[in-house]
Each structure stands twice: as C-alpha cells, then as structure tokens.
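Below, each chain spelled out in residue letters.
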Amino acid sequence: MRIAYARVSTDAQELHRQLDALEKEGYDKLIKEKYTGTRKDRPELQRLLDITREGDTVIVESISRLGRKTLDILSIIEELTNKGIIFISIKEKMDTTTPTGTAMLGMIAVIAQLERDMIVQRTKEGLESAKKRGVKLGRPKLDDQKVKDALNLYDGGNHSIKDIIRITGISQGKLYKEINKRKINS
C-alpha cells in the first residue's frame with residue numbers, strides 16, 4: 001500500500017502544495033496532520049507508524065514534513081526502513097529502494113550523529129567552564145532544618161503532604177524518603 005503523509009504546523013497553514021505533489025506521485029491512502037513538527041509524538045504520525053506494514057511505501061512531499069529535528073526525522077525513517085517499509089521524499093528525490101536514497105539516509109545519519117556529539121561536547125564544555133568559575137553543580141544540599149520542620153509538621157498530623165511541601169519548600173519525594181528512612185531505622 002502507498003501511504004502519503006502531509007503535515008503543516010498550524011491550522012492557519014494549508015496543505016494544498018503538499019497534496020498536489022502527493023497526488024501527482026500517487027497514493028492509496030492519505031494521512032493529513034496540522035500539528036507542530038517540533039513534537040515527535042503527533043497523533044497522525046503515530047497512526048502512520050502503526051498502520052504501515054512490511055512492503056508498504058510511505059510518501060512525503062519533503063522530509064521536513066516528518067519533523068523539525070534531524071534526530072527525530074532520522075529515527076522515523078529508520079523505524080520505517082527497519083520495518084521493511086519503503087520511504088520516498090518527493091522534494092529530495094529520496095527513495096530508500098535506490099542506492100542514492102540509501103546513501104542519502106546514511107548522510108542524514110552522519111549529520112544526526114554529528115549533531116548528537118556536538119551537543120554532548122558543548123554540554124561538557126559548559127559544565128567545565130561553570131566548575132572553573134566556582135559554580136556548584138548538581139542539586140543544592142537541602143537544609144537539615146527544613147527536613148526537621150517538615151517531619152514535625154507530618155508528625156503533628158494537622159497538615160497534608162501538599163501543605164507541608166508548600167510550607168517547607170522541600171520536594172514530595174524528599175519528604176517521603178525521610179519518612180521512610182525513619183520507619184526503616186525504627
């Protein structure tokens with residue numbers, strides 16, 4: 001089955017240009033979506049991934065219709081190809097059944113890996129720079145007095161967990177952790 005997927009980001013945008021290109025290419029089923037490409041968990045995209053089967057062909061007007069982030073686009077195309085689904089992008093002339101399409105997919109993978117590596121490198125450099133400037137990293141140490149106050153409020157029985165968290169400023173997880181720690185040590 002040949003399944004076409006068309007997406008625009010907002011209700012104000014129109015699908016006409018994409019639909020014209022997809023109609024010219026030919027398809028058996030059309031899935032349309034008006035949803036931002038910055039989110040990977042789009043309802044109609046998920047439906048596309050759910051209904052496609054080995055041997056099907058997914059057609060888009062441009063690979064940018066799959067998403068805005070290179071990593072998301074690559075993972076979607078990889079998911080399709082791993083399921084034995086042919087992927088065609090009209091604008092980029094990408095067809096995963098051809099050597100050129102396979103090479104293009106490989107280039108996208110290289111670019112995505114470079115993007116991942118650069119993000120990791122920038123994060124490490126930023127953390128090192130912050131350390132050199134004396135910035136303390138990680139969660140700040142919680143004031144022991146706040147924990148004692150929270151436990152006293154809890155023991156008093158007059159306040160809900162929500163109230164205790166609001167009053168003392170400690171997290172719900174920390175409060176439960178301290179309550180459980182007392183139970184274990186008793």
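Before reading on, note that the structure itself is shown above.
Predicted, not measured: the structure shown is a model, and the values here were computed from it.

A.B. asks: Just to check I follow, could you spell out the nonpolar core for this structure?
C.D. replies: Nonpolar side chains tend toward joint burial in soluble globular proteins. Ranked by size, the top nonpolar core spans 21 residues in total, and within it Leu 66, Ile 77 and Phe 87 carry the most contacts. Elements supplying a minimum of two residues to this core: strand S1 (2-8), helix H2 (43-51), strand S3 (57-60), helix H3 (70-82) and helix H4 (99-132). Broken down by element, the residue count for this core peaks at 5 residues, all from H3. Not counting chain neighbours up to four residues away, the residues in contact with Leu 66 comprise Tyr 5, Arg 42, Leu 45, Val 60, Ile 73, Ile 76, Ile 77 and Phe 87. Formed by 8 residues, the second largest nonpolar core is a distinct cluster that contains Val 147, Ala 150, Leu 151 and Ile 164.

A.B. asks: Please clarify how the pairing of S3 should be interpreted in this entry.
C.D. replies: Regular strands place their side chains on alternate faces of the sheet. Both faces of S3 are covered, namely the face carrying Thr 57 and Ile 59 and the face carrying Val 58 and Val 60. Of the strand pairs in this sheet, S1 and S3 are connected by 4 bridges, and their pairing is parallel. If you follow Ala 4 over to S3, its bridge partner there is Ile 59. Here S3 runs beside strand S4 (residues 86-89); their pairing, made up of 4 bridges, is parallel. Following the sheet pairing, Ile 59 is matched in S4 by Ile 88. Handedness of the crossover is the feature at issue here: the chain leaves S3, passes through H3, returns alongside S4, and the resulting connection is right-handed.

A.B. asks: How should the environment of Ala 103 be read in this particular structure?
C.D. replies: With respect to the secondary-structure elements, Ala 103 resides in helix H4. Judged by relative accessible area, Ala 103 falls into the partly exposed class, the value being 41%. In this structure, the C-alpha to C-alpha distance between Ala 103 and His 16, residues 87 residues apart in sequence, is 30 Å.

A.B. asks: What's the story with the environment of Ser 9 in this structure? I'm lost.
C.D. replies: Within the element layout of this structure, Ser 9 appears in the loop between S1 and helix H1 (16-25). Taking the C-alpha atoms as reference points, Ser 9 and Tyr 35, 26 residues apart in sequence, are found 4.6 Å from one another. Contact partners of Ser 9, with chain neighbours within four places excluded, come to Lys 34, Tyr 35, Thr 36, Gly 37 and Arg 68. Within polar-contact distance, the side chain of Ser 9 engages the side chain of Arg 7 at 3.2 Å.

A.B. asks: Even after reading the chapter, I still don't get the sheet that holds S4, so can you show me in this structure?
C.D. replies: Two pairing modes exist for strands in a sheet, parallel and antiparallel, and in both the strands are linked by backbone hydrogen bonds. Read from one edge of the open sheet, 5 strands run S2-S1-S3-S4-S5, paired in mixed fashion. The open sheet has two edge strands with one neighbour each: strand S2 (29-34) and strand S5 (94-95). Bridge count for S1 against S2 is 6 bridges, and the pairing is parallel. Each bridged residue has a counterpart across the sheet, and for Ile 3 the counterpart in S2 is Lys 29. Running over the sheet, H2 touches S1, S2 and S3 and is turned about 155 degrees from S2.

Here is what the cut-offs are and how they apply
Residues numbered from 1 in each chain as written. Predicted model: local features only at pLDDT ≥ 70, side-chain atom pairs only at ≥ 80, totals over all residues. Heavy atoms only, no water. Core = buried A, V, L, I, M, F, W, Y, C linked by side-chain atoms within 4.5 Å. Buried < 20%, exposed > 50% of the residue type's maximum accessible area, 1.4 Å probe, protein only. Helix = DSSP H or I, 4+ residues; strand = E, 2+ residues; numbered from the N terminus. Contact = heavy atoms within 4.5 Å. Pairing = 2+ DSSP bridges. Right-handed = clockwise from strand over helix to strand, strands pointing away. Polar contact = N/O pair within 3.5 Å; in protein donor to acceptor, adjacent residues only side chain to side chain. Axes fitted to C-alpha atoms, helices over the stretch in contact; angles between N-to-C directions.

Keep in mind these values describe shape, not function.
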